Protein chains: 2
Amino acid sequence: MLDVRPVGYVVGLLLMTLGGSMALPMLVDLLENNGHWHVFFESGMITGLVGMCLSLACSNAVRDRLSLQQTFLMTSGVWVSLPIFAALPLLIGAADLSYTDAFFEAMSGLTTTGSTVISGLDDLPRGLLLWRGLLQWFGGIGVIVMAMVFLPELRVGGMQIFKSEAFDTMGKVLPRAAEISSRISTIYVGITVACALAYGAAGMGTFDAIVHAMTTVSTGGFANYDASFGAFQGPHEYIATGFMLAAALPFVLYIQMLGGEGRSLYTNSQVRAFFGTVAVLVVLVMLSLIFTDGYGVERALREALFNIASITTGTGYASVNYMTWGGFIITIFFFCGLIGGCAGSTSCSVKIFRYQILFAAVKAQLRRIHSPHGIFRPRYDGRTVSEDVLSSVMAFFVLFIVTLGVFSVALAMTGLDLITSISGAATAVANVGPGLGPIIGPAGNFGPLPDTAKWLLAAAMLIGRLELVVVYVLFTRRFWAA
Amino acid sequence: MLDVRPVGYVVGLLLMTLGGSMALPMLVDLLENNGHWHVFFESGMITGLVGMCLSLACSNAVRDRLSLQQTFLMTSGVWVSLPIFAALPLLIGAADLSYTDAFFEAMSGLTTTGSTVISGLDDLPRGLLLWRGLLQWFGGIGVIVMAMVFLPELRVGGMQIFKSEAFDTMGKVLPRAAEISSRISTIYVGITVACALAYGAAGMGTFDAIVHAMTTVSTGGFANYDASFGAFQGPHEYIATGFMLAAALPFVLYIQMLGGEGRSLYTNSQVRAFFGTVAVLVVLVMLSLIFTDGYGVERALREALFNIASITTGTGYASVNYMTWGGFIITIFFFCGLIGGCAGSTSCSVKIFRYQILFAAVKAQLRRIHSPHGIFRPRYDGRTVSEDVLSSVMAFFVLFIVTLGVFSVALAMTGLDLITSISGAATAVANVGPGLGPIIGPAGNFGPLPDTAKWLLAAAMLIGRLELVVVYVLFTRRFWAA
Ligand SMILES: [K+]
Ligand SMILES: [K+]
């Protein structure tokens with residue numbers, strides 16, 4: 001029988017932390033004197049108390065180690081429980097959302113998806129805007145820790161390939177999770193502060209600079225305005241591009257850089273492939289903007305850089321309504337979202353290293369066809385890819401495509417059209433944010449969708465953020481039998 | 001140095017056969033006395049003479065065996081050369097097509113895709129209509145022979161899994177290719193005749209019955225009318241459904257049935273999975289037609305059966321303009337085209353057995369996650385899937401998805417919108433026929449597309465029909481070096 005109490009204990013502790021963090025937006029609303037502070041006080045009390053009761057009730061079963069089953073259950077459990085309570089300020093606050101909408105927004109925040117159901121962001125109390133930013137910021141660091149500590153251990157989606165990397169740097173004696181978390185947190189906070197300062201220097205107000213820095217570095221993409229990032233043109237876009245790209249790199253490289261191994265950022269094959277992909281896409285979009293839409297060179301470069309970086313890293317800011325840019329750019333943007341950034345970053349989707357491994361496997365297979373008796377193993381970053389990693393990556397890719405198909409059909413069943421269904425499923429599973437088409441495109445939002453569609457999308461965000469396998473494992477008979 | 005003369009010899013012989021077969025539509029036009037016969041006479045003479053010269057020029061290098069390289073080159077060479085000449089009657093005949101259009105139509109015919117650039121089919125000379133039907137019919141038998149004889153030998157896309165099956169039935173002593181071809185031809189002709197008789201019995205005219213039987217059994221989908229199969233309602237649709245499904249089953253099973261192993265059709269796991277998939281899709285579409293579009297039960301069942309069978313088998317007949325049926329059905333149809341029929345049939349796309357193997361691999365991977373030290377191999381049809389087969393299937397799937405993406409972006413580059421680009425790429429690579437949207441949807445045709453888009457689509461049809469790998473192998477350096 002699976003003992004779920006250790007899971008409850010961890011979830012309880014995190015709920016207490018979540019409740020405590022509601023003090024920040026409460027403080028902001030108190031300073032703003034807008035009469036909205038009590039929303040966070042009430043939500044914080046409820047969340048904190050539930051968390052305390054849960055962790056107390058489960059504290060009698062806490063052990064040093066978690067079993068594999070418990071680790072899986074905990075990973076999913078955390079990402080399901082937190083949005084339930086993170087939704088409270090959105091439910092009872094000035095956003096005036098139904099619970100469906102509030103939960104959607106909270107899930108979209110914590111998974112760093114950034115799809116929003118709220119229109120009228122410009123008039124929202126600052127506490128709520130900060131809360132949305134905080135959710136993404138917490139989600140971002142949670143994702144990195146999960147990708148560096150838990151996923152390699154759980155051997156999910158080929159992430160075990162990065163096991164040794166993390167080890168090499170840390171030394172096996174350190175209590176790994178805590179150590180990694182604290183090092184990563186330092187870097188994460190550092191990049192966020194740098195981003196906020198840069199936004200401030202470019203002329204963004206202090207509050208906007210802080211919130212947008214949070215949603216940039218987490219590649220979350222919530223903005224404080226209905227126009228998304230369209231409120232900030234010019235230099236802001238270059239700054240955002242730089243920090244979105246930085247947030248999509250493997251954070252383990254930053255640790256290595258701080259440890260004096262500065263070259264690793266330039267020699268890492270995933271990073272090189274990532275920048276190569278982005279460069280090609282930027283050039284294509286830029287040329288199309290110049291020759292089809294008649295943009296000047298600087299504007300074309302800026303919009304191409306910003307929007308390609310935004311979609312490829314899965315941030316999902318929009319600087320303009322790119323639905324008017326025509327079929328070529330829209331089609332590129334659709335497939336961009338299915339690429340993703342690097343593993344071990346805040347970005348989501350299939351990710352560069354998986355494509356590298358898949359292409360290496362295809363190449364090996366083509367060679368095997370010529371020389372049936374030769375032995376060809378796919379190689380990644382100079383090393384042979386083990387069969388376990390390869391089949392993990394393959395399983396991930398198949399599940400990703402099938403999940404996309406199933407959610408598209410399910411969304412269409414709620415009455416949505418083809419583009420809204422397919423792009424909605426893709427943007428949710430890949431945690432990008434905006435979809436395509438008139439409803440959920442960059443100029444719209446997810447508010448008008450039927451409730452069923454919102455629950456489906458929230459589920460898709462969760463499944464995508466947990467690299468699919470973490471969720472699907474829970475639906476196998478064997479999981480509960482063992 | 002690769003000796004291409006044996007390839008030239010085979011291509012030459014097939015061109016002579018193609019030229020000779022133009023006598024059939026010539027005869028029809030002579031009987032119709034429409035003055036159009038000379039088109040086929042001229043085309044036939046050109047094709048036959050070129051074929052004769054080519055085979056004579058290459059005949060000095062004919063050997064008993066082809067090398068692996070030569071076999072690959074021959075397979076691609078045949079499917080590139082034949083459309084070049086098969087296009088002649090469409091170029092110089094009454095269809096009044098440009099060479100781009102004529103080549104597109106011929107490639108669409110021989111690959112059994114069935115996308116058409118011609119509007120005004122109803123007024124075309126019967127010779128040309130028969131020619132379109134014949135192209136698909138030849139293409140269909142070509143595909144089965146390729147799938148049963150060449151692809152398992154070339155170890156393409158996991159087809160090697162069916163190697164033993166063909167052997168078991170034939171006995172190793174028979175000259176395999178010729179023997180399989182002749183047995184398959186008998187069955188193929190038999191099914192076509194049965195289909196034509198059934199259409200005739202239901203009231204279709206003799207000429208229409210013959211041509212539509214050819215395009216049904218080849219899962220090609222060319223029709224004699226602009227309204228596609230919409231010209232034939234009621235019982236015709238049930239008959240077409242039955243024969244489309246029959247043509248999407250593995251033809252080796254028919255050989256086994258004639259050999260007295262009748263049960264194999266009911267026990268074959270691929271066939272069961274295929275019918276299971278079709279049944280679920282039919283029920284979904286039927287319920288949607290009843291409850292959303294207010295259709296009566298019989299009509300809903302009929303249209304659901306016909307259209308799901310048409311798209312899943314890759315035939316691509318349309319009985320109505322299903323773009324009016326709303327997002328749910330359209331989304332289902334989009335993904336239907338990516339499923340496909342069974343291996344060793346005339347149908348194309350990913351195919352059922354590959355999904356079975358992919359899902360088995362995913363299942364094995366999920367088990368491996370629970371029990372890191374257990375050994376789990378994916379199983380298919382009661383046997384363990386070898387690593388070679390598994391990685392072939394994976395390579396196929398990755399190439400399929402990436403090809404889809406690349407062709408979508410390339411089509412969008414020619415100025416097409418998102419739905420036309422994506423559904424056009426999908427319908428071409430999967431050899432289905434109609435796309436989605438107002439231009440290439442069931443009510444439109446491919447005529448209005450820019451020439452570049454037509455060449456891209458023709459290339460995609462070829463790549464899809466040759467199971468991708470056969471073409472991509474030619475683009476590796478190693479292929480030409482060896
Ligand atoms: K995002
Ligand atoms: K077809």
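Residues numbered from 1 in each chain as written. Chains lettered and ligands numbered in written order. Predicted model: local features only at pLDDT ≥ 70, side-chain atom pairs only at ≥ 80, totals over all residues. Heavy atoms only, no water.

Put simply, the test is: UniProt positions are given in the numbering used here, feature names are shortened, and annotations may be inferred rather than shown by experiment.
Under an unreviewed UniProt entry, chain A has the name Trk system potassium uptake protein and belongs to Jannaschia donghaensis. In its Function (unreviewed entry) section, UniProt records this for chain A: "Low-affinity potassium transport system. Interacts with Trk system potassium uptake protein TrkA." Listed under Sequence similarities (unreviewed entry) in UniProt, the entry text for chain A is "Belongs to the TrkH potassium transport family."

### A short note on the overall build of chain A
Formally: Helix and strand definitions here come from DSSP, where helices need a minimum of 4 consecutive H or I residues and strands a minimum of 2 consecutive E residues; each element is numbered from the N-terminal end. Every radius of gyration here is taken over C-alpha atoms, with the globule rule written as 2.2 Å times N^0.38, N being the number of residues. Note on exposure labels: buried denotes an accessible area under 20% of the residue type's maximum, exposed denotes more than 50%, and partly exposed covers the range between, all computed with a 1.4 Å probe on protein chains only. Throughout, a contact is declared for two residues whenever any of their heavy atoms are within 4.5 Å. Counted charges follow a simple rule, with Lys and Arg positive, Asp and Glu negative, and His plus the chain ends left uncounted. For charged residues, the charge sits on one atom: NZ in Lys, CZ in Arg, CG in Asp, CD in Glu.
Broken down by element type, chain A carries 23 helices and 2 strands. Relative to its length of 482 residues, chain A is compact, with a C-alpha radius of gyration of 22 Å against a globular reference of 23 Å. Each of the three principal axes of chain A carries a C-alpha extent, and together these read 75 × 65 × 50 Å. Buried positions account for 63% of the 482 residues belonging to chain A. For chain A, contacts bridging at least 24 residues in sequence account for 71% of all contacts bridging at least 6. Across chain A, the 26 positively charged side chains and the 27 negatively charged ones have centroids separated by 16 Å.

### Quick word on the coordination of the potassium ion (ligand 1)
Residue and element names in this part refer to chain A. Where we set the bar: Any N, O or S atom lying within 2.8 Å of the metal counts as a donor, and for Na, K and Ca the limit rises to 3.2 Å; water is left out, so some sites can look incomplete.
Bound to the potassium ion (ligand 1) are the protein donor atoms Thr112 (O), Thr113 (O), Thr219 (O), Gly220 (O), Gly314 (O), Thr315 (O), Asn431 (O) and Val432 (O), situated 2.3 to 3.0 Å from the metal. Along the chain, the residues donating to the potassium ion (ligand 1) are arranged with the sequence spacing T-T-x105-T-G-x93-G-T-x115-N-V. Here Gly314, found in the loop between helix H15 (297-312) and helix H16 (327-336), pairs with Asn431, found in the loop between helix H19 (418-429) and helix H20 (437-440); they are 117 residues apart in sequence, far enough to count as distant. You can call Gly314 buried: its relative accessible area is 4%.

### Overview of the packing of aromatic side chains
Residue and element names in this part refer to chain A. The test is simple: Pairing of aromatic side chains requires ring centres within 6.5 Å, counting the rings of Phe and Tyr and the six-membered ring of Trp. Pairs whose planes differ by under 30 degrees are stacked, by over 60 edge-to-face, and all others tilted. Charge-over-ring contacts are defined here by two conditions on Lys NZ or Arg CZ: a distance within 6 Å of the ring centre and an angle within 35 degrees of the ring normal.
Per the counting criterion, the structure on display carries 51 aromatic pairs over all chains. For the pair Phe306 and Tyr317, a centre-to-centre distance of 6.4 Å together with 10° between the ring planes defines the contact as stacked. Here Phe306 is found in helix H15, whereas its partner Tyr317 is found in the loop between H15 and H16, with 11 residues between them in sequence. For Phe306, a relative accessible area of 0% translates into the label buried. An aromatic cluster of three or more residues is present, and its members are Tyr199, Tyr225, Phe229, Phe232, Phe306 and Tyr317. Across the ring face of Phe222, the terminal group of Arg132 is positioned such that the distance to the ring centre comes to 4.0 Å. Directly above the ring of Phe396 sits Arg354, whose terminal nitrogen or CZ lies 3.7 Å from the centroid.

### Structural notes on the environment of A:Ala23
By the element assignment, A:Ala23 lies in helix H2 (residues 23-32). Sequence-wise, A:Ala23 and A:Ser43 are 20 residues apart; in three dimensions their C-alpha atoms are separated by 9.9 Å.

### Focus: the interface of chain B and chain A
Convention followed: The buried area of a pairing is the accessible area, by a 1.4 Å probe, that goes missing from both parts when the two are put together, added over both. The rule for a salt bridge is simple: a side-chain nitrogen of Lys or Arg has to be within 4 Å of a carboxyl oxygen of Asp or Glu. Two N or O atoms count as a polar contact when they lie within 3.5 Å, although within protein this holds only if one can serve as hydrogen donor and the other as acceptor, and sequence-adjacent residues are included solely when both atoms are side-chain atoms.
If you look at the interface, chain B gives 54 residues, while chain A gives 55 residues. When chain B packs against chain A, the two sides together hide about 4,700 Å² of surface, and 76% of this comes from carbon and sulfur. Remark: the boundary between chain B and chain A carries 2 salt bridges. The salt bridge involving A:Arg377 is made with B:Glu387; its shortest N-O contact spans 3.1 Å. Our count for the contact surface shared by chain B and chain A stands at 10 residue pairs in polar contact (both at pLDDT 80 or more). Of all elements in the fold, only helix H4 (68-86), helix H16 (327-336), helix H17 (352-370), helix H18 (387-413), helix H19 (418-429) and helix H22 (477-481) of chain B reach the threshold of two or more residues within the side of chain B that touches chain A. Looking at the side of chain B that touches chain A element by element, the count peaks at 17 residues for H18(B).

### Section: a positive patch on the surface
Heads up, the condition is: What makes a patch is a set of residues exposed beyond 30% relative accessible area and free of salt bridges, joined within 9 Å when like-charged and within 5 Å when nonpolar (Val, Leu, Ile, Met, Phe, Trp, Tyr). Residue burial considers only the protein chains on display, and all accessible areas are found by Shrake-Rupley using a 1.4 Å probe.
Taken together, the side chains of A:Lys363, A:Arg367, B:Arg477 and B:Arg478 present a region of like positive charge at the surface. Listed by contribution, the elements that provide at least two residues to the positive patch are helix H17 (352-370) of chain A together with H22 of chain B. The class for A:Arg367 is partly exposed, based on a relative accessible area of 31%.

### Here's the deal with the coordination of the potassium ion (ligand 2)
Residue and element names in this part refer to chain B. For the potassium ion (ligand 2), the protein coordination sphere consists of Thr112 (O), Thr113 (O), Thr219 (O), Gly220 (O), Gly314 (O), Thr315 (O), Asn431 (O) and Val432 (O), at 2.3 to 3.0 Å. If you list the donors of the potassium ion (ligand 2) from N- to C-terminus, the spacing comes out as T-T-x105-T-G-x93-G-T-x115-N-V. Of this pair, Thr219 sits in the loop between helix H10 (206-217) and helix H11 (235-247) while Gly314 sits in the loop between helix H15 (297-312) and H16, and the two are 95 residues apart along the sequence. Of the two residues, Thr219 and Gly314, both sit in the buried class.

### Comments concerning the relation of the copies chain B and chain A
Note that the two copies of the chain are related through a rotation about an axis and a translation along the same axis. Going by this rule: Least-squares superposition aligns the copies on the C-alpha atoms of those residues with pLDDT at or above 70 in both.
The operation relating chain B to chain A is a screw motion whose rotation component is 180°, with 0.0 Å of axial translation and a residual RMSD of 0.0 Å. The transformation relating the two chain copies, once decomposed into turn and shift, fits a two-fold axis. Mapped onto chain A, 100% of the interface residues of chain B are again interface residues, and the two copies thus contact each other with one and the same surface.

### Here we look at the pattern of salt bridges
All names here are of chain A. Evaluation of the coordinates by the stated rule reveals 20 salt bridges over all chains. Among the salt bridges present, the one from Glu298 reaches Arg302, with a minimum N-O distance of 3.0 Å. Remark: Arg302 and Glu298 occur in helix H15; sequence separation between them is 4 residues, near one turn of the helix. Residue Arg302 is classed as buried on the basis of its relative accessible area of 9%. Between Glu467 and Lys351 there is a salt bridge, with its nearest N and O atoms 2.5 Å apart. Taken as a pair, Glu467 in the loop between helix H21 (451-465) and helix H22 (469-472) and Lys351 in the loop between H16 and H17 lie far apart in primary sequence, 116 residues in all. You can call Glu467 buried: its relative accessible area is 3%. Through salt bridges with shared partners, a single ionic network connects Glu237, Glu298 and Arg302.

### What about the UniProt feature "binding site: K(+)" (unreviewed entry) in chain A?
Residue and element names in this part refer to chain A. Annotation from UniProt places "binding site: K(+)" (unreviewed entry) at Thr112, Thr113, Gly220, Thr315, Asn431 and Val432. In sequence the annotated residues extend across 321 residues, while in space they remain close, none of their C-alpha pairs exceeding 8.3 Å. Tracing the chain through its elements places Thr112 in the loop between helix H6 (99-110) and helix H7 (126-154). Under the relative-accessibility criterion, Thr112 is labelled buried at 1%. The residues contacting Thr112, other than those within four sequence positions of it, are Gln136, Gly139, Gly140, Ser218, Thr219, Gly220, Gly314, Thr346, Asn431 and Arg465. Inspection of the secondary structure puts Thr315 in the loop between H15 and H16. On the basis of relative accessible area, Thr315 is assigned to the buried category, the value being 1%. Once you skip the residues sitting within four places of it in the chain, Thr315 turns out to touch Thr113, Thr215, Thr219, Gly220, Gly221, Met244, Ser310 and Val432.

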